[in-house]
Amino acid sequence: MKMSKMFVQTLREFPSDAEVVSHKMLARAGYIRKLTSGVYNYMPLMWRVLKKVEKIVREEMDRAGAQELLMPFVQPKELWEESGRWEVYGRELMRLRDRHDREMCLGPTHEEVITSIARDVLKSYKQMPVNLYQIQSKFRDEVRPRYGLLRGREFIMKDAYSFDTSEEGLDKEYKNMAQAYKRIFDRCGLATKMVQSDSGAIGGSVSHEFMVITDTDAGENDVFYCNSCDYSANSNHAISNLAPAIVDGKEYFKETKVIDTPQTHSIEELSKFLNIPSTLILKSLVYIVDKKPVIALIRADKTVEETKLMNAVGGIDIRIASSAEIEELMTNKGFKAEPGFIGPNGMEDITIIADKTVKEMKNFVVGINETDKHLVGANLEKDIPHIETFTDIRLVEQGDFCPECGKPLQVTKGIEVGNIFKLGTKYSKPMNAVYLDENGKTHPYIMGCYGIGISRTAAAAVEAHYDEHGIKWPISIAPYHVVIVPVNIKDELQMQIANEMYEKLLSAGVEVVLDDRDERAGVKFKDADLIGFPYRITAGKTVNDGFVEYKIRETGEIEKVTPQEAVDHIIEIVKNIK
RNA sequence: CGGGAUGUAGCGCAGCUUGGUAGCGCACCUCGCUUGGGACGAGGGGGUCGCACGUUCAAAUCGUGUCAUCCCGACCA
């Protein structure tokens, strides 16, 4: 490719609306252009990168025994009603009507469609196991698209779906996919962690996410991991053991009674006023889950993890209640108190979920829906007997102990580039997708699903590989392998050497760019660094002595070599790309 | 959806307070000069100032409404 012909425009400055590294770099280097919020044009350079990521994904999925197909982007409402998700999925599902006023949606994921295909074709146990995948644009009408390609509304995704006749078969395929994913991300030059996670709206029982750990602020997930064993989990799913804490308030509260606690709206104020550790206080929080209030109880030094709480309630939408909503709740129950003094008593007909930490507590302090008063020396059985559900709804914190080996847990930010779910019969059952076994009996398929964000993976690679000058692509997914820069295109020898190297590399199958623009060297170097070619060969004044300069983008390392050596070196490197 | 901000040329911005022929840098085109880290000079093309309505002799500027975009929170590949 001649640089003079390349359809690309690099910018002198970062676009003002870009926040994270990958968005800034990709926009400035001419890879992407925004069309509308969360929707991007993939310009020629970007498309080359995406095709490379796709190629790696295809090769590894095929190697793992999966088969590629392509499903429609537009899907009928009826299918989504069968699975029950037309109601459940919410506004993230982009709905539209055709000319006959039939309701449709843009595919945010394809469980319904693949299940409808399977039930038509997969009639016998003899046809399984099977794993089908596609690479396609998805559309999710995100509440707040941001971070460029990391959270677009339209994005490219590889989604795979497996069908098995048994849990054992699913387990096997799940592991098979985990291995394929590891190879895929390794080949893309991305170090990933496979972490346990919540299975969210897609549903199912077990799931893992593949996280790229970066030092940029683009990672939207907190990942807890253990250095001593291989435990790691998304914060929405992580569990931990806690250090011993004072949970029995016997020494502070010999008897159970209501006392005055003026101006103690917060846990901090309360623990200071009573001069007790916050581990002796029972914290009552009000959430709104699917529009209904839910009270969460937890030891006051700990934080509620909302996804865990939502799962415990069995809801699909959760948010913390506003002060007004809390007061309204108390008023409805016949109390008149400020929000800071809410407590579980008198709330018997509200869903109450208590964290496991609560079970340990004895002679503790709790709000009683009365301003400036608390009950001290309280105990569960005696004073709050109506709590039925004790489960883990606690947010893990750095320094908590690993649930598997007991060593302290660490935390880091991660970008989720892939995930794998065990779906079981979540879709096959409601959609009546069944096969016949050896005895002619029908069973629903045991399903799994496996996603990789193709465009997000490319963006994550930028987050993981860049410096102040631009992108440093891993060679396996770089748009081109090498750029040749003749410093002065009017210098005949420089151009001749550059052209010779260019032709040799081209005929060896190397993806090479010749920067034949009539620009000053500085401009070409800046662009080369920004675009992120992994290697650069410069034909400058030293060609008169028979040398060119060979530069590695990743390390900045420079070597003076003959043109032939440079060519041979590049060919060798390209030959070894996995 | 709640909170905050911004819409002026492809990109980055000024002008608005105090209404009076729409500007600057980069990018783009032409010529000259220059050629190892985003040179220089001269000339040139490109904008219904997000949109609508209103006030006014006159609106980028004042008012009302509306749309869009971005940032902070809850969702996810």
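Definitions and limits used
- Residues numbered from 1 in each chain as written.
- Chains lettered and ligands numbered in written order.
- Predicted model: local features only at pLDDT ≥ 70, side-chain atom pairs only at ≥ 80, totals over all residues.
- Heavy atoms only, no water.
- Near = heavy atom within 4 Å.
- Polar contact = N/O pair within 3.5 Å; in protein donor to acceptor, adjacent residues only side chain to side chain.
- Helix = DSSP H or I, 4+ residues; strand = E, 2+ residues; numbered from the N terminus.
- Nonpolar A, V, L, I, M, F, W, Y, C, P; charged D, E, K, R; others polar.
- Pairing = 2+ DSSP bridges.
- Axes fitted to C-alpha atoms, helices over the stretch in contact; angles between N-to-C directions.
- Salt bridge = Lys/Arg side-chain N within 4 Å of Asp/Glu carboxyl O.
- Buried < 20%, exposed > 50% of the residue type's maximum accessible area, 1.4 Å probe, protein only.
- Patch = residues over 30% accessible without salt bridge, like charges linked within 9 Å, V, L, I, M, F, W, Y side chains within 5 Å.
- Areas by Shrake-Rupley, 256 points an atom, 1.4 Å probe, with all protein chains shown as cover.
- Lys, Arg positive; Asp, Glu negative; His and termini not counted.
- Charge placed at Lys NZ, Arg CZ, Asp CG, Glu CD.
- Expected span 1.5 Å × (residues − 1).
- Domains from an automatic or database assignment.
- Contact = heavy atoms within 4.5 Å.
- Buried area = accessible area lost by both parts, 1.4 Å probe.
- Phe/Tyr/Trp six-rings, centres within 6.5 Å; stacked < 30°, edge-to-face > 60°.
- Lys NZ or Arg CZ within 6 Å of the ring centre and 35° of its normal.
- Parallel < 35°, antiparallel > 145°, perpendicular 65-115°, else oblique.
- Left-handed = near helix turned anticlockwise from the far one by under 90°.
- Right-handed = clockwise from strand over helix to strand, strands pointing away.

Around RNA strand B, 59 residues are found, and the nearest of them are Arg12, Arg144, Lys490, Asp529 and Glu549. Among the atoms of RNA strand B close to the protein, meaning within 4 Å, 48% are from sugar or phosphate groups. In the model, a base oxygen of RNA strand B is placed 3.3 Å from a nitrogen or oxygen of the glycine 540 main chain. Here a base oxygen of RNA strand B and a side-chain polar atom of lysine 551 are 3.1 Å apart. Of all the secondary-structure elements, those providing two or more residues to the surface near RNA strand B are strand 1 (32-36), strand 8 (154-164), strand 21 (409-424), strand 24 (446-453), helix 14 (521-531), strand 29 (535-539) and strand 30 (548-552). Considering every element that reaches the surface near RNA strand B, the biggest residue donor is helix 14, with eight residues. A per-class count over the surface near RNA strand B returns 18 nonpolar, 13 polar and 28 charged.

What follows concerns the sheet that holds strand 4 (residues 74-76). Read across the open sheet, the three strands follow the order 4-6-5; overall the sheet is antiparallel. Each of the sheet's edge strands pairs with one partner strand only, and the pair in question is strand 4 and strand 5 (95-97). Averaged over all adjacent pairs, the angle separating strand axes in this sheet is 40°, with direction ignored. One ladder, built from three bridges, connects strand 5 with strand 6 (residues 103-106); its direction is antiparallel. Bridge assignment links leucine 96 to a residue of strand 6, and that residue is methionine 104.

Okay, the pattern of salt bridges next. Summed over all chains, the structure comprises 40 salt bridges. With a closest N to O distance of 3.9 Å, arginine 146 and glutamate 220 form a salt bridge. Residue arginine 146 is found in the loop between strand 7 (130-139) and strand 8, and its partner glutamate 220 is found in the loop between strand 10 (207-213) and strand 11 (221-226); the two are separated by 74 residues along the sequence. With its nearest N and O atoms 3.3 Å apart, the salt bridge here joins arginine 394 to aspartate 400. For aspartate 400, a relative accessible area of 7% corresponds to the buried category.

Here we come to a negative patch on the surface. Judged by side-chain charge, Glu557, Glu559, Glu565 and Asp568 come together as a negatively charged surface patch. Turning to its location among the elements, glutamate 565 is positioned in helix 15 (residues 563-575).

To continue, consider helix 6 (residues 167-187). If you check helix 6, its first and last C-alpha atoms are 30 Å apart, about what 21 residues at 1.5 Å a residue would give, namely 30 Å. Taken together, the buried positions of helix 6 are Gly169, Leu170, Glu173, Tyr174, Met177, Ala178, Ala180, Tyr181, Ile184, Phe185 and Arg187. Count one or two residues on from helix 6 and you reach glycine 189, which has phi positive near 75°.

Right, let's get into unusual backbone geometry. The amide bond that connects methionine 128 to the next residue, proline 129, takes the cis arrangement and shows omega of 5°. Looking at the secondary structure, you find proline 129 in the loop between helix 5 (111-121) and strand 7. The phi dihedral of asparagine 275 falls on the positive side, at around 55°, and the residue is not glycine. Summarising the element assignment, asparagine 275 is placed in the loop between helix 7 (267-274) and strand 14 (282-289).

For the rest of this paragraph, the subject is the domain arrangement of chain A. Partitioning chain A into structural domains gives domain 1 (46-239 + 411-463), domain 2 (249-391) and domain 3 (480-575). Once you take the C-alpha centre of each, domain 1 and domain 2 turn out to be 38 Å apart. Taken together, the seven residues of domain 1 in the interface contact five residues of domain 2. Across the domain 1 to domain 2 interface the summed buried area is about 420 Å²; carbon plus sulfur atoms make up 50%. Looking at the side of domain 1 facing domain 2, the largest losses of area belong to Val88, Asp198 and Asn236, adding up to 72% of the total buried there. The interface formed by domain 1 and domain 2 holds zero salt bridges in total. Along the contact surface separating domain 1 from domain 2 lie two residue pairs in polar contact (both at pLDDT 80 or more). Broken down by class, the residue content of the side of domain 1 that touches domain 2 amounts to three nonpolar, three polar and one charged.

Moving on, we come to the packing of aromatic side chains. This model, assessed by the stated rule, comprises ten aromatic pairs. Centroid distance tryptophan 80 to tyrosine 89: 5.6 Å. Interplanar angle 85°. Geometry classified as edge-to-face. Assigned by exposure class, tryptophan 80 and tyrosine 89 land together as buried. Here a set of aromatic residues connected by ring pairs shows up, and it is made of Phe163, Tyr435 and Tyr445. Across from the ring centre of phenylalanine 525, 3.9 Å away, lies the NZ or CZ of arginine 536, which sits over that ring.

Moving on, we come to the side chain of asparagine 131. You can see asparagine 131 is positioned in strand 7. Engagement of the side chain of asparagine 131 in a polar contact is seen with the side chain of glutamate 173, the distance being 2.7 Å. Setting aside chain neighbours within four positions, we find asparagine 131 in contact with Ala66, Gln67, Ala160, Tyr161, Ser162, Glu173, Met177 and Tyr450.

Before going further, it helps to examine the packing of helix 2 (residues 44-63) against helix 12 (residues 454-464). With their axes 9 Å apart at the nearest point, helix 2 and helix 12 run at an angle of 110° to one another. What the angle tells us is that helix 2 and helix 12 run roughly perpendicular. Helix-helix and strand crossings are classified by hand; for helix 2 and helix 12 the assignment is right-handed. Contacts from Met46, Val49, Leu50, Val53, Glu54 and Val57 in helix 2 reach Ile454, Ser455, Thr457 and Ala458 in helix 12. A class-by-class count of the residues in the contact of helix 2 with helix 12 yields seven nonpolar, two polar and one charged.

The next subject is the pairing of strand 27 (residues 482-486). Burial within strand 27 is extensive, with five of its five residues counted as buried. Alternating residues of strand 27 divide into Val482, Ile484 and Pro486 and Val483 and Val485, and every residue in both groups is buried. Pairing geometry for strand 27 and strand 28 (residues 512-514), over three bridges, is parallel. Looking across to strand 28, one finds that valine 482 is bridged to valine 512. Assessed by its sense of winding, the connection that carries the chain from strand 27 through helix 13 (residues 492-507) to strand 28 is right-handed. Across five bridges, the pairing between strand 27 and strand 29 is parallel. Along strand 29, the bridge assignment pairs isoleucine 484 with isoleucine 537.

This part is about the sheet that holds strand 17 (residues 351-355). Strand order across the open sheet formed by five strands is 16-14-15-17-20, with mixed pairing between neighbours. Each of the sheet's edge strands pairs with one partner strand only, and the pair in question is strand 16 (318-320) and strand 20 (389-391). With strand direction ignored, the average angle separating the axes of adjacent strands in the sheet is 35°.

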